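Take a look at the letters that make up each chain.
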Amino acid sequence: ERYVFFFFSSRRRHTRYISVTGVQTCALPISNNAGDQISPAAVAAQEAGVKVVTWDSPIPSAEGEDLFVAQVDFGSIGTVMADMALNILGGEGEFAVLSATPDAANQNAWIAAMKEALTDDKYANLNLVDTVYGDDQSEVSYNRALALVD
């Protein structure tokens, strides 16, 4: 028998869980939150004949990745984020971004696209003051959010 393992990576767990590729795995779908740190394990899976498919968040270098499935156009998400800030702030003000982890390629792409969108004159009265990360931990995220409003 061959198996497909669905895999949600994080910086802390990716090596332990990807070891299941030794169990006649035919495909390894990954939602990657480990950045390029997962590449050696993904390459090892490929070398064992396993197809590595990422969705939601790719392996940034694409090393070890057979296919990436994007659920959205990252550029469009950036514009939506800028529009949301514009609407929430009533057309002017300061805001910050609290993201889960600096290793999440999808979120980094969205933030970069938002920063690009913010260069449009439409957003001239908005000021992105900071981008911080909660390291995939609720308490850290909460404390970083509090620090932003202090």
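Residues numbered from 1 in each chain as written. Predicted model: local features only at pLDDT ≥ 70, side-chain atom pairs only at ≥ 80, totals over all residues. Heavy atoms only, no water.

Right, let's get into helix H2 (residues 39-47). Those residues of H2 not exposed but buried are Ser 39, Ala 41, Ala 42, Val 43 and Ala 45. Looking one or two residues beyond H2, the residue adopting positive phi is Gly 49, at roughly 90°. (Buried < 20%, exposed > 50% of the residue type's maximum accessible area, 1.4 Å probe, protein only. Helix = DSSP H or I, 4+ residues; strand = E, 2+ residues; numbered from the N terminus.)

Here the focus is the pairing of strand E7 (residues 126-133). As defined by bridge partners, strand E6 (residues 93-99) adjoins E7 across 7 bridges and the pair is classed as parallel. In the sheet register, Glu 94 faces E7, and the bridge partner there is Asn 127. For the segment spanning E6, helix H4 (residues 105-117) and E7, crossover handedness is right-handed. (Pairing = 2+ DSSP bridges. Right-handed = clockwise from strand over helix to strand, strands pointing away.)

Here we come to the confidence of the model for the protein. On average, the protein scores 83 in pLDDT, and the residues at 70 or more come to 83%. Model confidence for the protein, summarised as mean pLDDT per element, is weakest for strand E1 (residues 3-4) at 42 and strongest for E7 at 94. Note on residues 1-21: pLDDT under 50 across the span, and 59 contacts to partners over four residues away in sequence or across chains. (pLDDT = per-residue confidence, 0-100. Contact = heavy atoms within 4.5 Å.)

Before going further, it helps to spend a moment on the environment of Leu 67. In this fold, Leu 67 is placed in strand E5 (residues 67-69). Looking at Leu 67, the relative accessible area reads 46%, which means it is partly exposed. Along the chain, Leu 67 and Thr 54 lie 13 residues apart, while their C-alpha atoms are 6.3 Å from each other. Once residues within four sequence positions are removed from consideration, Leu 67 is found in contact with Val 52, Val 53 and Thr 54.

What follows covers a nonpolar patch on the surface. On the surface, a cluster of nonpolar side chains totalling about 460 Å² of accessible area is made up of Leu 98, Tyr 142, Leu 146, Leu 148 and Val 149. Top contributing element to the nonpolar patch by residue count: helix H5 (residues 138-149), with 4 residues. Looking at where Leu 146 falls in the secondary structure, it is placed in helix H5. (Patch = residues over 30% accessible without salt bridge, like charges linked within 9 Å, V, L, I, M, F, W, Y side chains within 5 Å. Areas by Shrake-Rupley, 256 points an atom, 1.4 Å probe, with all protein chains shown as cover. Salt bridge = Lys/Arg side-chain N within 4 Å of Asp/Glu carboxyl O.)

Attention now moves to the packing of aromatic side chains. As enumerated under the stated definition, the model contains 2 aromatic pairs in all. Between Phe 74 and Trp 110, the aromatic rings sit 6.2 Å apart at their centres with planes inclined by 85°, giving edge-to-face as the arrangement. Of this pair, Phe 74 sits in helix H3 (residues 74-88) while Trp 110 sits in helix H4, placing them 36 residues apart in sequence. In terms of burial, Phe 74 and Trp 110 fall into one category: buried. One aromatic cluster is present, formed by Phe 68, Phe 74 and Trp 110 through successive ring pairs. (Phe/Tyr/Trp six-rings, centres within 6.5 Å; stacked < 30°, edge-to-face > 60°.)

Here Leu 148 shows up in helix H5. Note on Leu 148: relative accessible area 31%, which makes it partly exposed. Taking the C-alpha atoms as reference points, Leu 148 and Val 132, separated by 16 residues in sequence, lie 8.8 Å from one another. If sequence neighbours within four positions are ignored, Leu 148 has contacts with Ala 96, Asp 130 and Val 132.

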